[in-house]
Amino acid sequence: MPADADAAADAEQAAPAPGAVRLERNAPVKFVFLGPPGAGKGTQAARMAVRFNVQHASTGDMFRKAAAAGSELGRTVKDYLDSGRLVPDELTSRVVEELVLDAGDGYILDGYPRTLGQAEALAANLERRGLRLDGVVYFDLSDQEAVRRLTGRLVCSGCGRNYHREFMPPKATDVCDDCGAALRVRSDSAEDVVRQRLAVYHEMTEPLVRYYRDRGLLENVDASAAPDDVERATGALLERLARSEGDR
Ligand code: AMP
């Protein structure tokens with residue numbers, strides 16, 4: 001890359017996104033978003049990452065991208081993704097360490113940790129770095145609503161944009177608004193896979209609600225509301241938590 005392109009890229013990274021919240025604090029914000037599949041964690045994490053000018057770190061997206069690219073990681077995780085089972089803890093925590101924690105910036109962890117083992121690995125990792133989380137947001141949603149939301153998910157086979165048959169339909173049936181490629185049902189959105197993901201969530205991930213509550217880090221958001229209302233509640237909550245840095 002030529003020098004000015006380099007400088008431009010640096011400036012772009014350093015400049016806060018338009019509309020980003022300005023916080024008088026030393027460390028960049030670090031949040032975990034927790035909740036069942038379908039709770040809208042990903043949508044909210046993407047919006048909050050822009051608002052707080054930090055990385056949106058979704059392990060699901062990292063794994064899906066790797067699988068689509070056919071990398072070694074992708075070949076390893078593909079069967080897990082397609083069946084709704086969890087990728088093993090050690091591999092998942094290593095990917096998060098390399099792609100997120102090592103960067104040393106702020107982040108919203110979306111879909112990680114998902115087991116007590118991953119939560120312990122994250123806690124140990126942060127402690128080694130002398131860091132701590134600003135909070136864990138629990139997006140609360142019933143199974144019935146989760147199934148309704150998840151089974152309608154579509155993804156563009158060309159650019160990867162996400163849609164939903166009911167909540168975010170494309171303008172033309174099964175065709176991407178952006179690139180015109182065909183939409184397909186996300187491989188993890190078939191009803192049996194959705195049920196399997198919910199069962200895995202209850203067994204493996206729900207214990208984290210108590211884990212983080214016991215550590216004084218858990219905050220609840222009602223995820224059954226419309227996305228814009230959930231966004232307002234989440235934004236206000238994160239600002240409060242971010243401004244109380246050091247109070248905990
Ligand atoms: P998501 O998009 O967050 O629902 O993740 C999709 C799939 O990626 C999951 O069903 C798992 O197979 C895998 N995955 C994502 N995050 C994790 C994690 N923290 N631990 C293990 N597997 C994960």
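Thresholds, definitions, all that
- Residues numbered from 1 in each chain as written.
- Predicted model: local features only at pLDDT ≥ 70, side-chain atom pairs only at ≥ 80, totals over all residues.
- Heavy atoms only, no water.
- Pairing = 2+ DSSP bridges.
- Helix = DSSP H or I, 4+ residues; strand = E, 2+ residues; numbered from the N terminus.
- Axes fitted to C-alpha atoms, helices over the stretch in contact; angles between N-to-C directions.
- Salt bridge = Lys/Arg side-chain N within 4 Å of Asp/Glu carboxyl O.
- Buried < 20%, exposed > 50% of the residue type's maximum accessible area, 1.4 Å probe, protein only.
- Arc of directions from axis to C-beta.
- Contact = heavy atoms within 4.5 Å.
- Core = buried A, V, L, I, M, F, W, Y, C linked by side-chain atoms within 4.5 Å.
- Near = heavy atom within 4 Å.
- Polar contact = N/O pair within 3.5 Å; in protein donor to acceptor, adjacent residues only side chain to side chain.
- Areas by Shrake-Rupley, 256 points an atom, 1.4 Å probe, with all protein chains shown as cover.
- Nonpolar A, V, L, I, M, F, W, Y, C, P; charged D, E, K, R; others polar.
- Left-handed = near helix turned anticlockwise from the far one by under 90°.

### A look at the sheet that holds strand β6 (residues 162-164)
Stage number 1. With antiparallel pairing, 3 strands are arranged side by side in an open sheet as β6-β5-β7. Only two strands of the sheet have a single neighbouring strand rather than two, namely β6 and β7 (183-185). Strand-to-strand twist across the sheet, computed as the mean angle between neighbouring axes with direction ignored, equals 35 degrees.
Stage number 2. Note that strand β5 (residues 153-156) and β6 share 3 bridges and pair antiparallel. Bridge assignment links Val155 to a residue of β6, and that residue is Asn162.

### Details of the pattern of salt bridges
Stage number 1. On inspection of all chains with the given rule, the structure shows 18 salt bridges.
Stage number 2. Of the charged contacts in the structure, one is a salt bridge between Asp82 and Lys78, with a shortest N-O distance of 2.6 Å. In this pair, Asp82 and Lys78 both sit in helix α4 (residues 72-83), 4 residues apart, roughly one turn of the helix.
Stage number 3. Notably, a salt bridge pairs Asp229 with Arg232, separated by 2.6 Å at the nearest N-O pair. With Asp229 and Arg232 both in helix α10 (residues 227-243) and 3 residues apart, the pair spans about one turn of that helix.
Stage number 4. Exposure remark for Asp229: the relative accessible area of 39% places this residue in the partly exposed category.
Stage number 5. Connected through shared salt-bridge partners, Glu97, Asp102, Arg128 and Arg129 make up one network.

### Topic: helix α3 (residues 59-69)
Stage number 1. Where α3 is concerned, the buried positions are Thr59, Gly60, Met62, Phe63 and Ala66. For α3, the angular spread of the buried residues around the axis is 165 degrees, confining them to a single face. In α3, the exposed residues that point more than 90 degrees away from the buried face are Lys65, Ala68 and Ala69.
Stage number 2. For α3, the elements touching its buried residues are β2 (55-58), α4, α5 (89-99) and β3 (107-110).

### Points about the nonpolar core
What tends to happen in soluble globular proteins is that the nonpolar side chains get buried as a cluster.
Stage number 1. Counting residues in hydrophobic clusters, the biggest one holds 29 residues, and the most contacted among them are Leu34, Val100, Leu109, Leu122, Leu133, Val136 and Tyr212.
Stage number 2. Of all the secondary structure elements, the ones that give two or more residues to this core are β1 (30-34), α3, α4, α5, β3, α6 (116-128), β4 (135-140) and α9 (207-214).
Stage number 3. The biggest single contributor to this core is α9, with 4 residues.
Stage number 4. Met48, Val137, Leu150 and Val221 belong to the second-largest nonpolar core, a separate cluster that totals 25 residues.

### Side note on the site of the ligand
Stage number 1. Surveying the vicinity of the ligand reveals 16 residues, the closest of which are Thr59, Arg85, Gly111, Gln118 and Arg197.
Stage number 2. Here an oxygen atom of the ligand and a side-chain polar atom of Arg114 are 3.0 Å apart.
Stage number 3. A distance of 2.9 Å separates a nitrogen atom of the ligand from a polar side-chain atom of Gln118.
Stage number 4. Alone, the ligand offers 480 Å² of accessible surface; in the complex the protein occludes 96% of this.
Stage number 5. Counting residues per element, the ones that place at least two in the shell around the ligand are α3 and α4.
Stage number 6. When residues in the shell around the ligand are grouped by element, the largest group, 4 residues, is from α3.
Stage number 7. Considered class by class, the residues forming the shell around the ligand number 6 nonpolar, 5 polar and 5 charged.

### Things to note about the packing of α3 against α4
Stage number 1. At a minimum axis distance of 8 Å, the contact between α3 and α4 shows a crossing angle of 115 degrees. When the axes of α3 and α4 are compared, the crossing they make is left-handed. Listed contacts from α4 to Phe63, Arg64, Ala66 and Ala67 of α3 are Leu73, Gly74, Val77 and Leu81.
Stage number 2. When the residues that make up the contact of α3 with α4 are grouped by side-chain class, the tally is 6 nonpolar, 1 polar and 1 charged.

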